Amino acid sequence: MISSDRFSLSMRLFHWGMAALVLSMLAAGLLMVTSLQPWQLTLLTIHKAFGVVAILLVTARLINRLRHKLPALPHDLADWQKTVAKVSHWLLYFLLFAMPVSGYLMQYFAGRPIDIFGLLRLPAALQVDIHLYALFRELHSLLALALIGMIALHVGAAMHHHFVRKDDVLKSML
Ligand code: HEM
């Protein structure tokens, strides 16, 4: 495999780093909302701080994505499959962005400032808006379900390329 057939090093680092972060955030979120144990509040504080880091990372990742050329998809892939791949990748970027932003807006309208590892405090609305809080809370849950569904499809497609079609799509991201 020649290097132009692979994603750039920065794209691969963003991909696997964010995959680890987002999977941990999904697991922490689902664990948090199904427990009343004392650690639940600590986990929530960590979830919020890393969630803000995710907003910065996905922004940097999008800029990096627009600056790099991608390896071509296999030439024998049907046009509709290429279109589905492109649309699903942009949908994933949208969800990666909307997920933490909805979390932040939920806390903003609840009037809860966000503490980032004791280094920075993000502001919250001075006046609580219970309706917007409820809206963004609901949205955060729905986006999480959509993201889990898209990740399952994405992993399924990668496995199909590797084990069924036996092409280089997965290897290009390794
Ligand atoms: C990649 C980023 C993020 C992911 C994947 C994520 C994921 C999740 C998930 C799966 C839940 C459980 C939802 C449910 O079943 O109701 C959750 C809950 C929550 N998240 Fe996030 N989250 C992210 C970012 C954020 C950010 C940036 C904040 C705030 C700054 C935040 C605040 C919260 C809060 C407060 C809850 C609890 C909501 C409740 O009380 O029902 N999240 N998150």
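Presented here is an overview of the structure given in this document. (Residues numbered from 1 in each chain as written. Predicted model: local features only at pLDDT ≥ 70, side-chain atom pairs only at ≥ 80, totals over all residues.)

Focus on the nonpolar core
Counting eight residues, the largest nonpolar core consists of Val 22, Met 25, Ala 54, Val 58, Leu 96, Met 99, Leu 143 and Leu 147. Within the residue set of this core, elements represented by two or more residues are helix 1 (9–32), helix 2 (39–67), helix 3 (79–109) and helix 4 (130–165). (Core = buried A, V, L, I, M, F, W, Y, C linked by C-beta atoms within 7 Å. Buried ≥ 20, exposed ≤ 12 C-beta atoms within 10 Å, placed from the backbone. Helix = DSSP H or I, 4+ residues; strand = E, 2+ residues; numbered from the N terminus.)

Some words on helix 2
Between its first and last C-alpha, helix 2 extends 41 Å over 29 residues, near the 42 Å set by a 1.5 Å rise per residue. Taken together, the buried positions of helix 2 are Gly 51, Val 52, Ala 54, Val 58 and Arg 61. Of the surrounding secondary structure, the elements contacted by the buried residues of helix 2 are helix 1, helix 3, strand 1 (114–116) and strand 2 (120–122). (Expected span 1.5 Å × (residues − 1). Contact = placed C-beta atoms within 7 Å.)

Considerations on the site of the ligand
Close to the ligand lie 24 residues; Met 25, Gly 29, Gly 51, Gly 103 and Ala 144 are nearest. Elements supplying a minimum of two residues to the shell around the ligand: helix 1, helix 2, helix 3 and helix 4. In terms of residue class, the shell around the ligand is built from 15 nonpolar, seven polar and two charged. (Near = placed C-beta within 6 Å. Nonpolar A, V, L, I, M, F, W, Y, C, P; charged D, E, K, R; others polar.)

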